[in-house]
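Architecture at a glance
So the chains spell out like this:
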Amino acid sequence: MSNKYQKFMEMMVKKTHFTETELIKLMDLHKTTMKTNSYRGKIDRKRFRSFLHNKLGMTDDIIMDRIFKHFNTVATDDIDMEEWILGFNIFIKGTEEEQIEYCFKIYDLNEDGFISREEMLTMMGNCLFKNKGNTEEEGDEGVKDLIDMTIKKMDHDKDGRISFSDFASTVSMDPLMLEAFGTCLPSNKAGLHFINSVLDSKHTF
């Protein structure tokens, strides 16, 4: 084991919630994900979205793009090893507070510190429009009704938008609201299977 590798491992153990064994699994997964037809590539937006879809069962393009941005903190369109590990640290082993902040940032599409009615419409619209038997008009009304109910539940200061304080307060009272605007954590069956393949012991939400 090289000195550089050992220093990197020690730094990641200090900066994350992962054990050394878990870090090794994540590093191996990063190397595997980079490979394309036996040659080294990079984990760009397209490849990362394929990873989220194939490994975690995610399908929402907007949410997957936001998750990519969470990981790719240096805008190079390539998730390096450290970004990979730090991204997964919150994604699969974050504390309640860390995951509340993470989800809020995913849903704050224009990054202005609020989740607006328009952002809710963007995130919640597609799934309801696709419901069988709904016309576009019925789907539109269904989305608007759902948004109205969501704002009523979450907008504690009554300014017509969801601040981080609104979001955090709501989730603390009702944890099911953490992913109110779309799946952005590995909380489905495929995601839980992935978690159990990486962590030393079973991790639950």
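It should be emphasised that the depicted structure is a prediction, and the values quoted were computed from it without experimental measurement. (Residues numbered from 1 in each chain as written. Predicted model: local features only at pLDDT ≥ 70, side-chain atom pairs only at ≥ 80, totals over all residues. Heavy atoms only, no water.)

Our focus in this paragraph is the packing of helix α1 (residues 3-15) against helix α2 (residues 20-34). Relative to each other, α1 and α2 sit at 115°, their axes nearing to 10 Å. The orientation of α1 with respect to α2, classified from their angle, is roughly perpendicular. For the pair α1 and α2, the crossing hand works out as right-handed. Contact residues: α1 offers Tyr5, Phe8, Met9, Met12 and Val13, while α2 offers Glu20, Leu23, Ile24 and Met27. (Axes fitted to C-alpha atoms, helices over the stretch in contact; angles between N-to-C directions. Helix = DSSP H or I, 4+ residues; strand = E, 2+ residues; numbered from the N terminus. Parallel < 35°, antiparallel > 145°, perpendicular 65-115°, else oblique. Left-handed = near helix turned anticlockwise from the far one by under 90°. Contact = heavy atoms within 4.5 Å.)

For Glu119, the position within the fold is in helix α7 (residues 117-129). Among buried charged residues, Glu119 stands out as having no salt bridge; its nearest opposite-charge side chain is Arg66, 7.3 Å away. Separated by 2.9 Å, the side chain of Glu119 and the backbone nitrogen of Asn110 make a polar contact. In this structure, Glu119 is in contact with Tyr107, Asp108, Leu109, Asn110 and Phe114, ignoring residues within four places of it in sequence. (Buried < 20%, exposed > 50% of the residue type's maximum accessible area, 1.4 Å probe, protein only. Lys, Arg positive; Asp, Glu negative; His and termini not counted. Salt bridge = Lys/Arg side-chain N within 4 Å of Asp/Glu carboxyl O. Polar contact = N/O pair within 3.5 Å; in protein donor to acceptor, adjacent residues only side chain to side chain.)

Given two aromatic rings, one states the distance between the centres and the angle between the planes to describe the pair. Scanning the model with the defined rule gives 17 aromatic pairs in all. Each ring, one from Phe104 and one from Phe164, has its centre 5.5 Å from the other, and the planes form 80°; the classification is edge-to-face. Here Phe164 lies in helix α9 (residues 164-173) and Phe104 lies in helix α6 (residues 96-107), a separation of 60 residues in the sequence. Judged by its relative accessible area of 6%, Phe104 falls in the buried class. The class of Phe164 is partly exposed, set by a relative accessible area of 35%. Between Tyr107 and Phe167 the ring centres are 6.2 Å apart and the planes differ by 75°, which places this aromatic pair in the edge-to-face class. With Tyr107 in helix α6 and Phe167 in helix α9, the pair connects residues that are 60 residues apart, well separated along the chain. Phe167 sits in the buried class, given a relative accessible area of 0%. (Phe/Tyr/Trp six-rings, centres within 6.5 Å; stacked < 30°, edge-to-face > 60°.)

Moving on, we get to the nonpolar core. Residues Phe48, Ile67, Trp84, Phe88, Phe91, Tyr107 and Phe167 are the most contacted members of the largest nonpolar core, which totals 55 residues. No other element matches the seven residues that helix α5 (residues 81-93) contributes to this core. (Core = buried A, V, L, I, M, F, W, Y, C linked by side-chain atoms within 4.5 Å.)

Our next topic: the environment of Ile162. Inspection of the secondary structure assignment puts Ile162 in strand β4 (residues 162-163). For the pair Ile162 and Ser116, spaced 46 residues apart in sequence, the C-alpha to C-alpha distance is 6.4 Å. If we ignore the near neighbours within four places in the chain, the residues touching Ile162 are Phe104, Gly113, Phe114, Ile115, Met120, Ile151, Met154, Asp155 and Phe167.

This brings us to the pattern of salt bridges. Inspection of every chain in the model, using the stated rule, returns eleven salt bridges. When the shortest N-O distance is used, the salt bridge between Arg49 and Asp61 registers 2.8 Å. One end of the pair, Arg49, is in helix α3 (residues 45-56); the other, Asp61, is in helix α4 (residues 61-71), with twelve residues separating them in the sequence. What makes Arg49 partly exposed here is its relative accessible area of 25%. One salt bridge in this structure joins Lys69 and Glu111, with 2.8 Å as the shortest N-O distance. One end of the pair, Lys69, is in helix α4; the other, Glu111, is in the loop between α6 and β3 (114-115), and 42 residues separate them in sequence. Looking at Lys69, the relative accessible area reads 47%, which means it is partly exposed. On the accessibility criterion, Glu111 (46% relative accessible area) is partly exposed. Connected through salt bridges with shared partners, the residues Arg45, Arg49, Asp61 and Asp65 form a single ionic network.

Further remarks concern the packing of α3 against α4. Two measures define how a pair of helices packs: the angle their axes make with one another and the distance between the axes. At a minimum axis separation of 10 Å, α3 and α4 run at an interaxial angle of 115°. Judged by the angle between their axes, α3 and α4 are roughly perpendicular. α3 and α4 meet at a crossing whose hand is right-handed. Taking contact as the criterion, the partners of Arg45, Phe48, Arg49, Leu52 and His53 in α3 are, on α4, Asp61, Met64, Asp65, Ile67, Phe68 and Phe71.

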